[in-house]
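Coordinate inspection notes
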Amino acid sequence: RDPHVWHDPKQTQAMVAWLARDLAQALPSQASAITRRAKTLDGLLGEMDQWNRLQFATIPSEPGGHAPVIASDHRGFASLARAYGLQDIALVDGHSTSWSLRPQSLNQALRWLRQHPVRQLFSETIPPSKALQRLSTLSGIAIAPKPVVADGLAANAPSLPATTIANTCALSEGLGGRCDAKSAQAIETRWRAIQ
């Protein structure tokens, strides 16, 4: 039910395996090439998962053992959060049925922000949505300087690994950790070579 499962490389590995099996059956003359490409993709996604783990491991622990919080406009990072021990909260989606917050919904979101250790708010757009800007102003929690991409590929990162690298760095750094994007460039380069 979550269209954003691709943010978890393990989920993407499962999708690749399923699609490769079905494509190989549908195109038997190309089955060996499909299987070979799927195996390469599987390996790269495994490397991406390990790289993500290293970056997210640099995030300092929260007081009381709470998981670091990805607080964004809508629930786009639940799969990523589950995979890496983070908590995902959709500030606008979770409290509203539109991209704006009515006073009661705004108050609920602010209460939630005050009750949880939130370091930064993550926007998917530049400029951030008015609702997220308002939550930032009223809560005193800054919006992270780097946007994240929940849907589709980043404009400056036109592949799944490049978008993952950009998101992981934005989230890790926004939550007080570090990110070594250069160490993941080889994954992105090899990905482009097999497409």
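The preceding data block contains the structure.
This text gives an overview of the structure that appears in the document. Remember, predicted model here, so these are calculated numbers, not experimental data. (Residues numbered from 1 in each chain as written. Predicted model: local features only at pLDDT ≥ 70, side-chain atom pairs only at ≥ 80, totals over all residues. Heavy atoms only, no water.)

Some remarks on the state of the cysteines
The full count for this structure, using the stated rule, is one disulfide. In this model, Cys169 is linked to Cys179 through a disulfide, with the two sulfur atoms separated by 2.0 Å. Its torsion about the S-S bond being -60°, the disulfide of Cys169 and Cys179 is classed as left-handed. Pair noted here: Cys169 is in helix 6 (residues 160-174) and Cys179 is in the loop between helix 6 and helix 7 (185-194), with a separation of 10 residues, a long-range link. For Cys169, a relative accessible area of 7% corresponds to the buried category. For Cys179, a relative accessible area of 17% gives the class buried. (Disulfide = S-S within 2.5 Å. Helix = DSSP H or I, 4+ residues; strand = E, 2+ residues; numbered from the N terminus. Buried < 20%, exposed > 50% of the residue type's maximum accessible area, 1.4 Å probe, protein only.)

A word on the side chain of Asn52
For Asn52, the position within the fold is in helix 2 (residues 31-56). A polar atom in the side chain of Asn52 sits 2.7 Å from the side chain of Thr168. When near neighbours in sequence (up to four residues on either side) are disregarded, Asn52 contacts Pro9, Tyr84, Thr164 and Thr168. (Polar contact = N/O pair within 3.5 Å; in protein donor to acceptor, adjacent residues only side chain to side chain. Contact = heavy atoms within 4.5 Å.)

Quick look at the environment of Thr168
As for its placement among the helices and strands, Thr168 is situated in helix 6. When its relative accessible area of 0% is taken as the criterion, Thr168 is described as buried. The spatial distance from the C-alpha of Thr168 to the C-alpha of Gln55 is 7.3 Å, given a sequence separation of 113 residues. If we skip the residues at most four places from it in the chain, Thr168 touches Trp51, Asn52, Gln55, Phe56 and Cys179.

Focus: the pairing of strand 1 (residues 69-72)
Taking every second residue as pointing to the same face, both faces of strand 1 are buried, with Val69 and Ala71 on one and Ile70 and Ser72 on the other. When strand 1 meets strand 2 (residues 87-90), the two strands line up parallel, connected through four bridges. Each residue of the ladder has a partner; that of Ala71, found in strand 2, is Ile89. Once the chain exits strand 1 it traverses helix 3 (residues 78-84) before rejoining the sheet at strand 2, and the crossover so formed is right-handed. Bridge count for strand 1 against strand 3 (residues 121-122) is two bridges, and the pairing is parallel. By the bridge assignment for strand 3, Ala71 is matched with Leu121. (Pairing = 2+ DSSP bridges. Right-handed = clockwise from strand over helix to strand, strands pointing away.)

Some details on the sheet that holds strand 2
Across the sheet, which stays open at both edges, the three strands sit in the order 2-1-3 with parallel pairing between neighbours. The two strands at the open ends of the sheet, each matched to only one other strand, are strand 2 and strand 3.

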